[in-house]
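An overview of the molecular structure
Listed here are the chains, written in short residue letters.
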Amino acid sequence: HYLPLSMSTARPRKAPILLVGLLLVLQALFLFAVFPTVIVIDFLIRPEAHMIMFFPEGGGFVAPEVEVESLQTLDILFHFPDATITIPGNEVVSVVFSFLALPVLLVGLLFLASRRVAWVLALLMQALILSLAMVGYFNFRHPYIYLVMGYSIFMVFYLNHYEIQASFRTLRKSEPPA
């Protein structure tokens, strides 16, 4: 379909592109922070988990033995000399979102540089994040999944806004008369 002449000659505004780029960078920071935040909060609220396990009185650092309890639940056990700490699988799965932070950050930087491929990559990243969030939702139901899904859904709608699409759309050239 062709754009009306008045719209095809207008220059796209930079503010929406800048906003999407910044929102993608913000999403990358959020995705990177999900795993450490979930683990630290869980570690702090557990009565059996104390920092003294890592740093004994004689000095040094105690490295725990790590064991995956079962591949079905993805529970990870940390065996210390004095105790064992179990990290539930719903928190372990959050590491997947931390690994997605770098590609989302790169797409956000591409968006800020107004690269043509940025819009398609941004939608692909949102689809990947939503797919993984759905797997996490149906298998683990941790509260951070709702935040990840909500932000990605917002980004999909905003990326499909006309002004954003028009900035990256290739305008068709009119064919020469025969």
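Note that the structure is a prediction, hence the values are computed from the model and not measured.

A count of helical and extended segments in the protein gives eight helices and three strands. Sequence-ordered secondary structure for the protein, helices as α and strands as β, is α-α-β-β-β-α-α-α-α-α-α. Put simply, 64% of the contacts in the protein that link residues at least 6 apart link residues at least 24 apart. Surface exposure of the protein reaches about 11,400 Å², of which carbon and sulfur atoms provide 69%.

To continue, consider the confidence of the model for the protein. Detailed reading of predicted coordinates is not advised where the pLDDT is low. With 78% of its residues at a pLDDT of at least 70, the protein reaches an overall mean of 80. Here helix α1 (residues 5–9) stands out as the least confident element of the protein, with mean pLDDT 49; helix α5 (residues 101–112) is the most confident, with 95.

Before going further, it helps to examine the sheet that holds strand β2 (residues 76–79). Pairing is antiparallel in the open sheet, where three strands are placed in the order β1-β2-β3. Both outer strands of the open sheet, β1 (65–68) and β3 (84–87), are each paired with one neighbouring strand and no more. Taking each pair of neighbouring strands and ignoring which way they run, the sheet shows an average axis angle of 20 degrees. Note: β2 against β3, four bridges, orientation antiparallel. Considered in β3, the bridge of H79 is made with T84.

Between its first and last C-alpha atoms helix α2 (residues 14–45) spans 45 Å; for 32 residues at 1.5 Å apiece the expected length is 46 Å, and the two agree. Most pronounced at V34, the bend in α2 amounts to some 35 degrees, and the proline P36 follows within four residues.

The next thing to look at is the packing of aromatic side chains. Enumeration over the complete set of coordinates arrives at four aromatic pairs. Where Y137 meets Y146, the ring centres are 5.8 Å apart and the plane angle is 75 degrees; that geometry is what we call edge-to-face. Note on Y146: relative accessible area 45%, which makes it partly exposed. Relative to Y158, the ring of F154 lies with its centre 6.0 Å away and its plane at 5 degrees, an arrangement referred to as stacked. Taken together, the positions of F154 and Y158, both in helix α7 (residues 144–159) and four residues apart, correspond to about one turn of that helix. We classify F154 as partly exposed; its relative accessible area is 42%. The structure contains a cluster of three or more aromatic residues connected by ring pairs, namely Y137, F138 and Y146.

Calculation rules
Residues numbered from 1 in each chain as written. Predicted model: local features only at pLDDT ≥ 70, side-chain atom pairs only at ≥ 80, totals over all residues. Heavy atoms only, no water. Helix = DSSP H or I, 4+ residues; strand = E, 2+ residues; numbered from the N terminus. Contact = heavy atoms within 4.5 Å. Areas by Shrake-Rupley, 256 points an atom, 1.4 Å probe, with all protein chains shown as cover. pLDDT = per-residue confidence, 0-100. Pairing = 2+ DSSP bridges. Axes fitted to C-alpha atoms, helices over the stretch in contact; angles between N-to-C directions. Expected span 1.5 Å × (residues − 1). Bend = angle between axes of the 7 residues up to and from the residue. Phe/Tyr/Trp six-rings, centres within 6.5 Å; stacked < 30°, edge-to-face > 60°. Buried < 20%, exposed > 50% of the residue type's maximum accessible area, 1.4 Å probe, protein only.

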